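Coordinate inspection notes
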Amino acid sequence: MSSGQLPRWVDFGLIPVLNLIAAFLVSGLVVLLIGENPLEAVRILLWGSLGFGEGVGFTLFYATNFIFTGLAVAVAFHAGLFNIGGEGQAYIGGLGVAWACLALDHYVPWWVTMPFALAGAAIMGAAWAFIPAWLQAKRGSHVVITTIMFNFIAAALMNYLLVNIMVKPGSMQPETRTFEAGGKLPFLKEFVPGIDFGTAPVNLALIIALLASVAVWLIVWRTRLGYEIRAFGANATAAVYAGISPVRVIVITMLISGGLAGMMAINEIMGSQHRLLLEFVTGYGFVGIAVALMGRAHPVGIVLAAILFGMLYQGGAELSFEKPAITRDMIIVIQGLVILFAGALEHMFRPALIQFFTYSRSPAEQAG
Amino acid sequence: MSDTPAIELRNINKSFGPVHANRDIDLVVKKGSIHGIVGENGAGKSTLMSILYGFYQADKGDVLVDGRKAHIGDSKTAISLGIGMVHQHFMLVDNFTVLENVILGAEGGPLLAGGVSKARQELKRLEDDYGLKVGVDELIEDLPVGLQQRVEILKALFRGAEILILDEPTGVLTPAEADHLFRILQVLKDEGKTVLLITHKLREIMAVTDTVSVMRRGEMVATRKTSETSMAELAELMVGRSVLLRVDKKPAHPKETVLDVSHLTVTDSRGVQVVKDVSFNVRAGEIVGIAGVSGNGQSELLETLAGIRKATSGKVTIEGATIDLAETHVDPAMMRDWNLGHVPEDRHRMGLVTGFAEYENAILGYHNDPTYSKGFLLDIPKIRDAAREEIEKYDIRPPDCLLKTANFSGGNQQKIVLAREMERDPTVLLVGQPTRGVDIGAIEFIHKRLIEMRDAGKGVLLVSVELDEIRGLADRVLVMFDGKIVGERSPETDESELGLLMAGAHGENA
C-alpha cells in the first residue's frame with residue numbers, strides 16, 4: 001500500500017479549509033499592517049457578501065462566472081491539459097452571444113433567443129480553443145503557451161470589432177447597442193418570488209451554470225469520452241495502448257473546455273450588461289484556474305470554490321467601500337493570497353497531514 | 001582482517017502507515033565478504049537498503065558501521081561512512097562523459113580544472129586495480145549498459161566506498177555481462193571490500209555469495225552459508241512453502257498458423273532501425289518465446305504487432321487477413337478487434353492507469369465495447385460485476401474493484417492486466433515480461449495461466465529477458481539481437497549457447 005494515502009474527507013475537505021485559513025491569516029496580517037482591525041474586516045467581508053439580499057445576489061452573480069471558467073479549466077485538467085486561455089475564450093464567446101441577441105431580440109422572446117445565444121457562446125469559445133488544441137495535438141505546441149497568446153489575440157480582435165464594426169452607429173463608446181427584451185435573460189428575482197436581490201444582476205445563467213456542472217460530471221465520470229479523457233490525462237502511454245487517439249482526445253477536450261469558458265459570456269452579456277462591450281471578462285478566466293484547483297477539478301468543489309470567490313469579489317467591494325484604508329488593490333492582494341494558498345501552495349500541508357494520519361492510524365490498524 | 005563486522009543491524013523496525021516493512025531485523029555482514037539478500041518483491045529488501053543508505057530512517061533499532069553506532073540521516077552521511085550504492089536504475093547523466101559523471105557531486109571546488117585532473121588519475125588507478133575498464137572520456141550514452149553499470153561502481157569507489165550495495169544488478173545484463181560483473185565483485189572482495197548483493201535470482205546468489213540472508217514479509221527469516229544451502233531451500237524460505245521451480249507442462253500440439261509476420265522492419269523516432277526484416281509465425285496451441293537482452297528490438301516488435309508503433313515495412317497475417325503494416329493505418333483498437341490480446345512489458349507505463357480504480361482498468365482498451373455502455377453512458381454496475389468476476393477467477397488481492405490500482409502489489413497489478421487480456425479470449429496473445437517485479441507465488445500462477453492459454457489452442461508470443469522463463473514456458477525459442485532474429489532453438493538448448501546468441505556472438509540468419 002502506498003504511504004501517500006489520505007482519507008477522502010481530508011483530501012477534499014480539510015486541506016482546502018486549511019489552505020483557506022492560512023490565506024486569511026496572512027491576509028489578516030496585511031490588514032493589521034495598514035492599521036485596520038482584521039476581525040472587523042472579516043465581519044464586513046462576510047456581511048457584505050452574505051448579509052443582505054443584494055450582497056448575496058452579487059456573490060451568486062460572480063460565482064456564476066467562476067463556475068463556467070472553473071469547469072472549463074477542470075475539464076482540460078482531466079486530460080492533463082492546462083487551458084489558461086479561458087479569458088480569451090470567454091471574451092470571444094461574447095461575440096456568439098451578441099450576434100444571437102442582436103439578430104433575434106427584435107423578433108422573438110428571450111427564451112427563443114437563449115438557445116441560440118448559448119450555442120453561439122459555446123461555439124465561439126470552442127472555436128477559439130480549437131487552434132491551440134490542434135497545434136498541441138498535431139504539432140506538440142504547448143497549450144499553455146498558445147492559449148495565453150490567444151488571450152492577447154482575442155483582446156486585440158475584440159477591440160477592432162467593437163471600435164470599427166460592431167459599434168452602435170453614431171456612438172463614441174466601443175460597444176454595441178443595448179439588446180431589447182428579446183435579448184435579455186430574466187433576473188433570478190423575477191421568477192423566484194420572495195427573494196430580494198436588489199440591483200444584483202444574478203440571472204438565469206446561474207441555473208445554466210449548475211446544469212453545466214452536472215453535465216460535466218456526467219461527461220467526465222460516466223461516459224466513454226470522459227473515460228478516454230481521464231485515461232489520457234493520467235497516463236498518455238496507457239491511453240495509446242488502449243487504442244485511444246491522443247489527437248481526438250486533445251481536440252475534443254479543448255473544444256469542451258473552450259465552450260464552457262465561452263458560456264461565461266451568457267451571464268455577463270445576456271444576463272447583465274445587455275450589450276457587448278470591451279473587457280467584460282476582467283480576469284474571470286484566470287481566476288477560474290484557482291477555482292478549478294481549489295475545487296479539485298470536481299464540479300461540486302468548483303461550485304463551492306466559485307461561491308467562495310464570489311464572496312471575495314462582492315465582500316471585498318463592500319470592504320473597500322467601508323474602509324477607505326483597505327483599497328481596491330488591497331482586496332486584489334487578499335484574492336491573490338487565496339489563489340496562492342489554494343492553488344500554488346496546494347501541497348503545503350499535505351506532507352504533514354500524511355505523516356499525521358499514517359502515524360495516528362497505524363497502531364489501531366495493527367491491533368486489528 | 002579484523003572480526004568487526006562491516007555492517008551490523010540490530011532490531012531494525014520500519015513502518016509505512018499500517019505496513020510493517022521491516023520487523024526486528026538483525027543482520028551481520030562480515031568484512032570482506034559477498035553477502036546476498038534474497039526475498040520476494042515487497043519482502044522489505046529495498047526498505048532495508050534504503051535505511052542503510054540514508055533514504056529512510058528506521059523507527060527503531062541501530063545501525064553499526066565498522067562496530068560504531070551510526071546515525072545515517074542522508075546519503076551524504078552514508079557515503080562518508082564508506083557505503084556506496086549501485087541502483088537498479090542507473091543515476092547517470094547521459095550526455096556527460098564517464099569522468100564528468102564520476103565527479104558529479106564530488107567536484108572538489110568551484111572550478112572544475114583542479115578536481116578533474118586529480119579525478120582522472122584516481123580513476124585510472126581504480127580502473128587498473130579492479131579491472132574496471134571503461135574509457136574515462138566516453139559519453140555515457142555511447143556505452144552499453146554493462147559498462148554503464150561499471151561507471152556506477154566506479155562512482156561509488158571514487159567516493160571511497162568500502163561497502164558496496166548492488167540492487168538487482170543483473171536485470172539489464174546479458175549472461176556474459178553478468179558473469180563479468182561477478183568477476184569484478186570477486187576482485188572487490190579480494191581487495192577487502194564488502195559487497196551486499198540484493199537480488200531475486202537464486203542462481204546468482206549461489207554463484208557469487210559467501211553468505212545469504214533471506215527476507216520474507218518484512219522479516220529476516222534465515223541466514224545461511226551459501227555453501228551449505230541449496231536453491232530449493234532458499235526458494236522455500238522466501239515463499240514460506242515449497243515452490244515449483246520448473247514449469248509443469250505437457251508437450252505442445254501446435255495446429256494452424258494464427259499469426260504470421262513477414263519482413264517486418266521498424267524505425268524509431270530517431271530514424272534508427274530497431275526491428276530489421278523480421279519474419280516468423282506463431283501457431284495455435286504453442287508458446288513462441290523471444291529471448292534477448294533488453295533493448296534489442298523485442299519491445300518495439302511487440303508494440304508494432306499490438307498496433308502501437310508504426311512499421312516501416314512488413315506484413316502481418318492474423319485471423320486469415322493479411323495487412324500491409326506500412327500502408328494500412330493500424331491502431332491498437334483495430335488489433336483488439338482482430339482478437340489480438342496484449343499484455344505489455346511495462347504495466348505501470350502502459351498496461352494500467354494506476355490512478356484509476358481497479359474496475360476502470362478492467363476495461364482499458366475494451367471501453368468501447370457496447371456491452372459496457374447503456375446508451376450514452378457507461379454501465380458502471382455491469383463493469384464492476386465483470387471486474388469482480390475477474391478478481392475472483394484470477395485471485396486478485398485485495399478483492400476490491402473500487403480500490404485504486406496503484407495500491408495493489410506488483411503481482412496483483414499484473415494479474416489485473418492478464419485477466420483483462422485473457423478473458424477476452426484472444427486468438428493471439430502478445431505477452432511482454434509477464435513476471436517482471438512479480439513475487440514467486442504470482443509467477444507460478446501466471447505461468448500456469450499462460451500454459452492453459454496454450455492448451456486451449458491459443459497462440460502465445462512471449463517476450464522476456466529472463467532466460468529461465470523463456471526456457472520454462474516456450475515451445476520454440478527465437479533469439480533477437482540488434483533488431484534481427486539471429487536464431488531459432490528448442491527450449492532445451494544449452495543456456496550458454498543461447499547466451500552466446502543473445503550476445504550476438506555467432507550470428508546466423510534465421
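Residues numbered from 1 in each chain as written. Chains lettered and ligands numbered in written order. Predicted model: local features only at pLDDT ≥ 70, side-chain atom pairs only at ≥ 80, totals over all residues.

A closer look at the packing of helix 4 (residues 86-104) of chain A against helix 5 (residues 110-139) of chain A
Residue and element names in this part refer to chain A.
- Direction vectors running N to C along helix 4 and helix 5 enclose 150°, while the axes themselves pass 7 Å from each other. In terms of axis orientation, helix 4 runs roughly antiparallel to helix 5. The handedness of the crossing between helix 4 and helix 5 is right-handed. Where helix 4 abuts helix 5, its residues Gly 88, Gln 89, Ala 90, Ile 92, Gly 93, Leu 95, Gly 96, Val 97, Trp 99, Ala 100, Cys 101 and Leu 104 lie against Val 112, Thr 113, Phe 116, Ala 117, Gly 120, Ala 121, Ile 123, Met 124, Gly 125, Trp 128 and Ala 129.
- A per-class count over the contact of helix 4 with helix 5 returns 16 nonpolar, seven polar and no charged. (Axes fitted to C-alpha atoms, helices over the stretch in contact; angles between N-to-C directions. Helix = DSSP H or I, 4+ residues; strand = E, 2+ residues; numbered from the N terminus. Parallel < 35°, antiparallel > 145°, perpendicular 65-115°, else oblique. Left-handed = near helix turned anticlockwise from the far one by under 90°. Contact = placed C-beta atoms within 7 Å. Nonpolar A, V, L, I, M, F, W, Y, C, P; charged D, E, K, R; others polar.)

Some points on the sheet that holds strand 11 (residues 257-267) of chain B
Residues and elements named next belong to chain B.
- Read across the sheet, four strands follow the order 12-11-14-15 without closing on themselves; strand pairing throughout is antiparallel. Each edge of the open sheet is held by one strand with a lone partner, namely strand 12 (273-283) and strand 15 (321-324). With strand direction ignored, the average angle separating the axes of adjacent strands in the sheet is 15°.
- Sheet strands touched by helix 9 (residues 298-305): strand 11, strand 12 and strand 14 (313-318). Its angle to strand 12, the strand with the most contacts, is close to 60°. (Pairing = 2+ DSSP bridges.)

What to know about the sheet that holds strand 10 (residues 219-225) of chain B
Residue and element names in this part refer to chain B.
- With mixed pairing, six strands are arranged side by side in an open sheet as 6-7-8-3-9-10. What marks the edges here is a single partner per strand, and that holds for strand 6 (83-86) and strand 10. On average, each strand axis in the sheet is inclined to that of its neighbour by 20°, with strand direction left out of account.
- As judged from the four bridges shared by strand 6 and strand 7 (residues 163-167), these two strands associate in the parallel manner. Bridge pairing links Met 85 to Ile 165 in strand 7.
- Strands strand 3 (34-39), strand 6, strand 7, strand 8 (194-199) and strand 9 (211-216) of the sheet are contacted by helix 1 (residues 45-52), whose axis makes an angle of about 150° with strand 7.

Points about the domain arrangement of chain B
All names here are of chain B.
- On domain assignment, one finds that chain B holds domain 1 (7-239), domain 2 (254-339 + 425-510) and domain 3 (354-424).
- Measuring from the centre of the C-alpha atoms in domain 1 to the corresponding centre in domain 2 gives 34 Å.
- With ten residues of domain 1 at the contact, the number on the domain 2 side is ten residues.
- Elements supplying a minimum of two residues to the side of domain 1 that touches domain 2: helix 6 (175-190) and helix 8 (231-239). (Domains from an automatic or database assignment.)

Observations concerning helix 4 of chain A
- Over its 19 residues, helix 4 of chain A extends 27 Å from the first C-alpha to the last, a length consistent with the 27 Å expected when each residue adds 1.5 Å.
- Helix 4 of chain A sits mainly inside the fold: 16 of its 19 residues count as buried. (Expected span 1.5 Å × (residues − 1). Buried ≥ 20, exposed ≤ 12 C-beta atoms within 10 Å, placed from the backbone.)

Some thoughts on the pairing of strand 20 (residues 459-463) of chain B
Residues and elements named next belong to chain B.
- With five of its five residues buried, strand 20 lies for the most part within the structure.
- Going residue by residue along strand 20, you find Gly 459, Leu 461 and Val 463 tucked away on one face and Val 460 and Leu 462 tucked away on the opposite face as well.
- Here five bridges tie strand 13 (residues 286-291) to strand 20, and the two strands are oriented parallel to one another. Bridge pairing links Val 288 to Leu 461 in strand 20.
- Inspection of the sheet shows strand 19 (residues 428-432) paired to strand 20 by five bridges, in the parallel sense. The partner of Val 428 across the bridge, within strand 20, is Gly 459.
- Following the backbone out of strand 19, through helix 15 (residues 440-455) and into the adjacent parallel strand 20, one traces a crossover that is right-handed. (Right-handed = clockwise from strand over helix to strand, strands pointing away.)

So, the nonpolar core
- Counting residues in hydrophobic clusters, the biggest one holds 258 residues, and the most contacted among them are Ile266(A), Leu462(B) and Val479(B).
- Counting residues per element, this core draws most heavily on helix 3 (residues 53-78) of chain A, at 16 residues.
- Setting aside residues up to four positions removed in sequence, Ile266(A) forms contacts with Val97(A), Ala117(A), Leu118(A), Ala121(A), Ala205(A), Ile208(A) and Gly271(A). (Core = buried A, V, L, I, M, F, W, Y, C linked by C-beta atoms within 7 Å.)

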